[in-house]
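# Structure assessment
Read off the chains here:
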Amino acid sequence: MFSKTLLLVLGRLPLLFMVDSILRGTFLDFTFFSNGTSLQPFNSENPNDDIFLYHVMWNIMLFWVTTISLVLVCSPITYILDFYRWIVGSALIWVSYKCNKSYAQGIPVPALDINEIHSSANSTNGSVLYNSEIPFSVNILVQLIIALAFDQISISRILHKKQNMFKYSRYLFGILFSMSFSLPVFLESTLTTLTVSLSVVLPLIALAIHLCFVIYTISQEAIVPGVLRTTIEIRDIGLDGLIMNIVEKANVSWLLRLFFISQILYQLVSSKVFQDSESWTTMEFLNALIQDILYNMCGTLISVMSLASIVTVISGWSLFFIYKVIQAYEEEESLQPVVSGFLFVLLAMQTGLTAISGDLRLQLLFQNSILLVVANQHFVHNVATDMLLKASTDDTPMEKHIRPLIPFVFFFTFPFFAVLPLWSYPFRLSWLLAVTVFCIELIIKSVSTIIIYVINMLHTYTDAISEDTDNMTFYIKGVCGFLEFICGIFLFLNGAYIFIFESGGFIRLFMMTIHFYCNIYQSAIKGWATYKLRLSSWEKVNQLDSAKQEQLDENSICSICYQEMNDAVVLNCDHIFHKNCLQKWLSIKETCPLCHSKLNGETKSEGESDELVG
């Protein structure tokens, strides 16, 4: 299974490198391999060239290459191999043309005698007629091998679709390609440049048919069904589920990780730090090498995504260690590493990380990493809070209390030992304010959790507080929620300042909109509704009559808390409950907990009652 996954990833890896080179602006630039010779498609310094037309054609070609590459990355491996066959066929035609041209340049022109040949060789800047002579036997052998390889790679795939055509035309095409590639050898007496060019006409036509076949097959068997399947999956599992399916089927995570490793190896080979450094064991060398690698790994969106795949691994192992310590075993926690990688890419796009050069890029990378660490702390806080409050309401061993408390030590110390020292460095004030408020929000949530934990412990193991536990918890949550709401407003205003005066962008505007709707608007509406419902529940409970002693004798156990009732209130349906227990219930639903009748005496229908119970 692993070997199959590795082969699938290796098949998609060159396409990812192609897209990355286009984003870096180094597509078809072989400077690193050709001693400074750059093979660009046009010379922009030539005043006779139509620069604008060249740029338009070049950009159109890059757009289509990028689109096809991304489509192939998400396609089955069969179509990718068809595309590679087309590339190999193009390379074989180029090799055949070069060999025939070299063979033609090595044949003496029949119209010249030997003296004219020597005189021609010594004239015109010393150019020799026998430029790169290839013997007859070598060239004919090379052309036959190219013809067989071209036939197997580029033609057999098309002919296999039509069994009859493959049966009767298989050898005919092989003979035709062999004659075409070897045309300059057989027409040696009338050898011209036109003959060399004619030798690749038939293979080029076959290669064009092959390309059309690949495009048609992908569009009919992959793109069109994929679009139909996408609409169905979006309706059934949502956009996030669709993205997860594509990531899983295309092995995107392993593809990005292998791309990251390949990029690291390339950076190690081509890094100027190795060339300029005299010693490879000093800390200065290691620091400069790491900075150079990180700088280059943030150059394009593909590189950032590959770096995010490593962030996902690091986040996964870190959270695994934390959950091992606090003994958290929830399936939802496995999604957080993926969310961390997604947030890393989103922060990079929001801050324009790939478009910034110099030391500022590394500074932004550090800032995004700090924000990501704090965001993960908020997630761990939610998990630890659930475990801690659950342990405080049950008679559990002390180990169940200590383990969830361990992350809170880090929550309280991280802002002082990691964030506060950052104020002494020349970071942007807006970013320092954002990350500081983000940490303050975490401290507020942690303080709220600890206070509620202490109240629950006192209520569970002592008689110090009993009746007012729910009220104290409500007001503590209300005060801390209001402080978190203030922090959310500050973060929104800080983001608006960055958007207007520092760096705008659609991604930042989108994130600000999401933040305002989810963390400000929804929180305000939910908090105000909860407060009004609680006030209403207290008013309605205070208006109820106290239960008589006869009713208490008949129903001595509260149906909500299952504790004995010495004092209770009675509803219109004659059900009695503890006053505090009923108030808690009415804060959620304004019906009787047993028969689901309204407080004014109206009884709900059977279907509506079943729905409330469910």
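Since we're looking at a predicted model, the values are computed, not measured.

Rules of the game
- Residues numbered from 1 in each chain as written.
- Predicted model: local features only at pLDDT ≥ 70, side-chain atom pairs only at ≥ 80, totals over all residues.
- Heavy atoms only, no water.
- Salt bridge = Lys/Arg side-chain N within 4 Å of Asp/Glu carboxyl O.
- Helix = DSSP H or I, 4+ residues; strand = E, 2+ residues; numbered from the N terminus.
- Buried < 20%, exposed > 50% of the residue type's maximum accessible area, 1.4 Å probe, protein only.
- Phe/Tyr/Trp six-rings, centres within 6.5 Å; stacked < 30°, edge-to-face > 60°.
- Lys NZ or Arg CZ within 6 Å of the ring centre and 35° of its normal.
- pLDDT = per-residue confidence, 0-100.
- Contact = heavy atoms within 4.5 Å.

Scanning the entire structure with this criterion turns up 3 salt bridges. One salt bridge connects Asp20 with Arg24, and the closest N-O pair in it is separated by 2.8 Å. Of this pair, Asp20 and Arg24 both sit in helix 1 (residues 2-24), 4 residues apart, roughly one helical turn. Exposure remark for Asp20: the relative accessible area of 3% places this residue in the buried category. The exposure class of Arg24 is partly exposed, given its relative accessible area of 30%. Ionic pairing is found between Arg85 and Asp82, a salt bridge with its closest N-O pair at 2.6 Å.

This part is about the packing of aromatic side chains. Aromatic ring pairs are defined here through the distance separating the ring centres and the angle between the ring planes. Counted according to the given criterion, the structure contains 15 aromatic pairs. Between the aromatic rings of Phe474 and Tyr475, the centroid separation amounts to 5.3 Å while the plane-to-plane angle is 70 degrees, which identifies the pairing as edge-to-face. Judged by its relative accessible area of 18%, Phe474 is buried. With centroids separated by 6.4 Å and ring planes inclined at 25 degrees, the aromatic side chains of Phe506 and Phe510 adopt a geometry described as stacked. Of this pair, Phe506 and Phe510 both sit in helix 19 (residues 506-542), 4 residues apart, roughly one helical turn. Assessed through its relative accessible area of 64%, Phe506 is described here as exposed. Members of the aromatic cluster, connected to one another through ring pairs, are Phe366, Tyr425, Phe427 and Trp431. The ring of Trp254 carries the charged tip of Arg257 above its face, separated from the ring centre by 5.3 Å. The aromatic ring of Tyr295 is capped on one face by Arg361, whose charged end is 4.3 Å from the ring centroid.

Here we take up the confidence of the model for the protein. Averaged over the protein, the pLDDT score is 76; the fraction of residues at 70 or greater is 79%. Of all secondary-structure elements in the protein, the lowest mean pLDDT belongs to helix 22 (residues 606-613), at 39, while helix 13 (residues 301-326) reaches the highest, 90. Low pLDDT (under 50) marks residues 42-49, which in the prediction has 8 contacts with non-local residues, meaning those over four places away or in another chain. Confidence drops under pLDDT 50 across residues 601-614; counting only partners more than four residues distant or on other chains, this segment forms 14 contacts.

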